[in-house]
Amino acid sequence: MDSINGNQFRRIETNPKIFLQENIILLLSRWYALQMAVQNQWGGCDSLQKSHQLSADLFSWFSRSNAPIPIEDLENLLHEFMLLIFNTEIEDGSIEQVAEQLMVIHEEYLSRQSS
């Protein structure tokens, strides 16, 4: 994953849930390791659908949480997903980067919820 920072997220959207969903999708679409796995169909012919399911699962998890989620739990979820679904061991540090950015998105979502 190249540098993805908070400034690249869509902040204009006023609906907190739409903000959350759009930014999860945007972040995952820029995650090189996931996109390589999808393009090369490492998860089978339905690799694209599996990546969409990850987005949906993350959205569901974050939208139900009213408190910060431990980053270790998020890193474990991403690691297990890539390993079990795409049979891919990611060791380039991108899982930690993606988890960190997801935390930023979730914190922004929570602040929008309380506004």
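Worth saying up front: this structure is predicted, and the values here are computed from it rather than measured.

A. Focus on the packing of aromatic side chains. Within this structure, the stated rule accounts for two aromatic pairs. Geometrically, the ring pair formed by Trp61 and Phe62 is stacked, given 6.0 Å between the ring centres and 25° between the ring planes. Classification of Phe62 by relative accessible area gives buried; the value is 0%. Centre to centre, the rings of Phe81 and Phe86 are 5.7 Å apart; their planes meet at 70°, and the pair counts as edge-to-face. When sorted by exposure, Phe81 lands in the same class as Phe86, which is buried. Cation over ring: Arg112 sits above Phe19, and NZ or CZ is 4.0 Å from the ring centre.

B. Spatial organisation of the nonpolar core. Core analysis: the largest hydrophobic core is formed by 29 residues, its most contacted members being Trp31, Leu34, Leu58, Leu78 and Leu102. Among the elements of the structure, α1 (16-29), α2 (32-39), α3 (47-64), α4 (71-86) and α5 (94-114) are those that each provide at least two residues to this core. In terms of residues, this core owes the most to one element, α5, which gives eight residues. Contact partners of Leu34, with chain neighbours within four places excluded, come to Leu28, Ser51, Leu54, Phe81, Met82 and Phe86.

C. Highlighting the environment of Leu77. Position of Leu77 relative to the elements: it lies in helix α4. In this structure the C-alpha to C-alpha distance between Leu77 and Leu54, which are 23 residues apart in sequence, comes to 9.7 Å.

D. Broad picture of the environment of Glu108. Here Glu108 is to be found in helix α5. Taking C-alpha positions, Glu108 is 8.9 Å from Phe19, a pair spaced 89 residues apart along the chain.

E. Spatial organisation of the packing of α4 against α5. Where α4 meets α5, the closest approach of the two axes is 9 Å, and the angle between their N-to-C directions is 130°. Between α4 and α5, the angle falls in the class oblique. When the axes of α4 and α5 are compared, the crossing they make is right-handed. Each of Ile71, Leu74, Glu75, Leu78 and His79 in α4 lies in contact with α5, whose residues at this interface are Ile95, Glu96, Val98, Ala99, Glu100, Leu102 and Met103. Here the contact of α4 with α5 is composed, by residue class, of eight nonpolar, one polar and three charged.

F. Quick peek at unusual backbone geometry. Even without being a glycine, Gln41 presents a positive backbone phi close to 55°. The topology assignment puts Gln41 in the loop between α2 and α3. Phi is positive for Asn87, close to 50°, though the residue is something other than glycine. By the secondary structure assignment, Asn87 is in the loop between α4 and α5. Given the relative accessible area of 66%, Asn87 is considered exposed.

Conventions adopted
Residues numbered from 1 in each chain as written. Predicted model: local features only at pLDDT ≥ 70, side-chain atom pairs only at ≥ 80, totals over all residues. Heavy atoms only, no water. Phe/Tyr/Trp six-rings, centres within 6.5 Å; stacked < 30°, edge-to-face > 60°. Buried < 20%, exposed > 50% of the residue type's maximum accessible area, 1.4 Å probe, protein only. Lys NZ or Arg CZ within 6 Å of the ring centre and 35° of its normal. Core = buried A, V, L, I, M, F, W, Y, C linked by side-chain atoms within 4.5 Å. Helix = DSSP H or I, 4+ residues; strand = E, 2+ residues; numbered from the N terminus. Contact = heavy atoms within 4.5 Å. Axes fitted to C-alpha atoms, helices over the stretch in contact; angles between N-to-C directions. Parallel < 35°, antiparallel > 145°, perpendicular 65-115°, else oblique. Left-handed = near helix turned anticlockwise from the far one by under 90°. Nonpolar A, V, L, I, M, F, W, Y, C, P; charged D, E, K, R; others polar.

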